[in-house]
Amino acid sequence: MSRGLLPDTQRSALRTGLRRALADPDLFSRHILGRPLRPYQGEALRAILQSVQAGHGRTLTVMFARQMGKNELSAHLECYLLNLHQQRGGTIVKTAPTYQPQTINSKLRLLATLETSLYDAEGVRRKNFGLGDLFGVEFASPVEGPMQNSYLTLEHETRHPI
């Protein structure tokens, strides 16, 4: 046995699976986030990732009907990119036509997606992260909010002259 609660053979197998999931956005959504995307969401996700990873700097627009999972797609994309580039760092800039409700809803979806591993498949809260024993981390305290040290605080909705 090495660090953590798992035997070395299980740790090795989990690491191999984790590497595969981190290399494939569909596997990442299904196995890391525990929330698989629908096929049309996965297609949009892969197109956006291809542009981002190639450094094209394109502006992409995702058009789905209401309640078709735009915020879910955005949260998965952001989680995947945060995981992919966590060692290097970086910034994600998120925009929406309105602060309330669109930006707020999108931010809440991202936070909920990031906390997914604290819940099992039936939605029951776990005492620790789903992969906590693999990474040697423990859940210390709930997320505190709202953040008071954000780089951007909008006190009221404003209208741009254009």
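Residues numbered from 1 in each chain as written. Predicted model: local features only at pLDDT ≥ 70, side-chain atom pairs only at ≥ 80, totals over all residues. Heavy atoms only, no water.

Residues and numbers for the side chain of Glu-78, please.
One can find Glu-78 in helix H4 (residues 70-84). Classification of Glu-78 by relative accessible area gives buried; the value is 7%. The contacts of Glu-78, once residues within four sequence positions are left out, are Ile-92, Lys-94 and Leu-110. (Helix = DSSP H or I, 4+ residues; strand = E, 2+ residues; numbered from the N terminus. Buried < 20%, exposed > 50% of the residue type's maximum accessible area, 1.4 Å probe, protein only. Contact = heavy atoms within 4.5 Å.)

Before we move on, can you summarise the packing of aromatic side chains with the specific residues and values?
Taken as a whole and assessed by the stated rule, the structure comprises two aromatic pairs. On the basis of an interplanar angle of 75° and a centroid distance of 5.2 Å, the ring pair of Phe-28 and Tyr-80 is categorised as edge-to-face. Of this pair, Phe-28 sits in helix H2 (residues 25-32) while Tyr-80 sits in helix H4, placing them 52 residues apart in sequence. The exposure class assigned to Phe-28 is buried, which follows from its relative accessible area of 1%. An angle of 85° between the planes, with centres 5.1 Å apart, marks the rings of Tyr-40 and Phe-64 as edge-to-face. You can see Tyr-40 sitting in helix H3 (residues 39-54) and its partner Phe-64 sitting in the loop between H3 and H4, a full 24 residues away along the chain. (Phe/Tyr/Trp six-rings, centres within 6.5 Å; stacked < 30°, edge-to-face > 60°.)

Give a detailed account of a nonpolar patch on the surface, specifying residues and quantitative values.
A cluster of nonpolar residues, Leu-82, Ile-92, Leu-108, Leu-111 and Leu-114, forms a patch on the protein surface that exposes about 430 Å² of accessible area. When residues in the nonpolar patch are grouped by element, the largest group, three residues, is from helix H5 (residues 99-114). Here Leu-82 lies in helix H4. Using a relative accessible area of 41% as the deciding quantity, one classes Leu-82 as partly exposed. (Patch = residues over 30% accessible without salt bridge, like charges linked within 9 Å, V, L, I, M, F, W, Y side chains within 5 Å. Areas by Shrake-Rupley, 256 points an atom, 1.4 Å probe, with all protein chains shown as cover. Salt bridge = Lys/Arg side-chain N within 4 Å of Asp/Glu carboxyl O.)

For H2, give the residues involved together with the corresponding values.
Among the residues of H2, Pro-25, Phe-28 and Ser-29 are the ones counted as buried. Summarising the axial view, the buried residues of H2 lie within an arc of 95°, below the 170-degree limit, and thus occupy one face. Against the buried residues of H2 lie helix H1 (8-23), H3 and H4. N-capping of H2 is provided by Asp-24, with a side-chain oxygen placed 2.8 Å from the backbone N of Asp-26. (Arc of directions from axis to C-beta. Polar contact = N/O pair within 3.5 Å; in protein donor to acceptor, adjacent residues only side chain to side chain.)

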